[in-house]
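Listed below are the residues making up each chain.
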Amino acid sequence: MAGIRVPRSGLGRPRTRPDAVLADRAYSSRAIRNHLRRRGIRAVIPQPSDQVGHRLRRGRGGGRPPAFDAEAYKQRNAVERCINRLKQWRGLAMRTDRLAIAYQAALHLAAILIWTAA
């Protein structure tokens, strides 16, 4: 989570504090939520049912449920569909490239070809 970089529209260094982070249930840990809260980033992460059960079982000591914006979470679908299209490229899905620069080049090439085909 510390490696998040959001490019700016003009020149300058990228922002390290996005407005919000959209993630699935796997990233709903207390440590991740605390990290985002300390940095002032809104977390749009659904809470897994087991965490809800643990919180409810603790009663008042369990705290209140974290905020969740369902409308913002729906935007995550576009990113998931893009990742699924990139996974159609065997080299990207299998991560066979030894060097990070070669993997990044393949990722850029696949993105360009997907974009031109649309």
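Residues numbered from 1 in each chain as written. Predicted model: local features only at pLDDT ≥ 70, side-chain atom pairs only at ≥ 80, totals over all residues. Heavy atoms only, no water.

*Asks:* Quick question: what am I supposed to make of the UniProt feature "domain: Transposase DDE" (unreviewed entry) in the chain here?
*Replies:* Listed under "domain: Transposase DDE" (unreviewed entry) in the UniProt record, and renumbered for this structure, are residues 21–115. With 57% helix and 5% strand, residues 21–115 has end C-alpha atoms that lie 24 Å from one another. (UniProt positions renumbered as here; feature names shortened; annotations may be inferred. Helix = DSSP H or I, 4+ residues; strand = E, 2+ residues; numbered from the N terminus.)

*Asks:* In this structure, what is going on with the environment of Ile 45? I would like to understand it.
*Replies:* With respect to the secondary-structure elements, Ile 45 resides in the loop between strand E2 (42–44) and helix H2 (49–57). Judged by its relative accessible area of 1%, Ile 45 falls in the buried class. Residues Ile 45 and Gly 62, 17 residues apart in the sequence, show an inter-C-alpha distance of 18 Å. (Buried < 20%, exposed > 50% of the residue type's maximum accessible area, 1.4 Å probe, protein only.)

*Asks:* What's the story with a nonpolar patch on the surface in this structure? I'm lost.
*Replies:* Side chains of Trp 89, Leu 109 and Leu 113 sit close together on the surface and give an oily, nonpolar patch of about 270 Å² of accessible area. Along the chain, Leu 109 falls in helix H6 (residues 100–117). (Patch = residues over 30% accessible without salt bridge, like charges linked within 9 Å, V, L, I, M, F, W, Y side chains within 5 Å. Areas by Shrake-Rupley, 256 points an atom, 1.4 Å probe, with all protein chains shown as cover. Salt bridge = Lys/Arg side-chain N within 4 Å of Asp/Glu carboxyl O.)

*Asks:* In this structure, what is going on with the environment of Ile 41? I would like to understand it.
*Replies:* Secondary-structure assignment places Ile 41 in the loop between helix H1 (30–38) and E2. On a C-alpha basis, the gap between Ile 41 and Leu 86 in space is 28 Å, while along the polypeptide they are 45 residues apart. When residues no more than four places from it in sequence are discounted, the contact partners of Ile 41 are Arg 17, Pro 18, Asp 19, Ala 20, Val 21 and Leu 36. (Contact = heavy atoms within 4.5 Å.)

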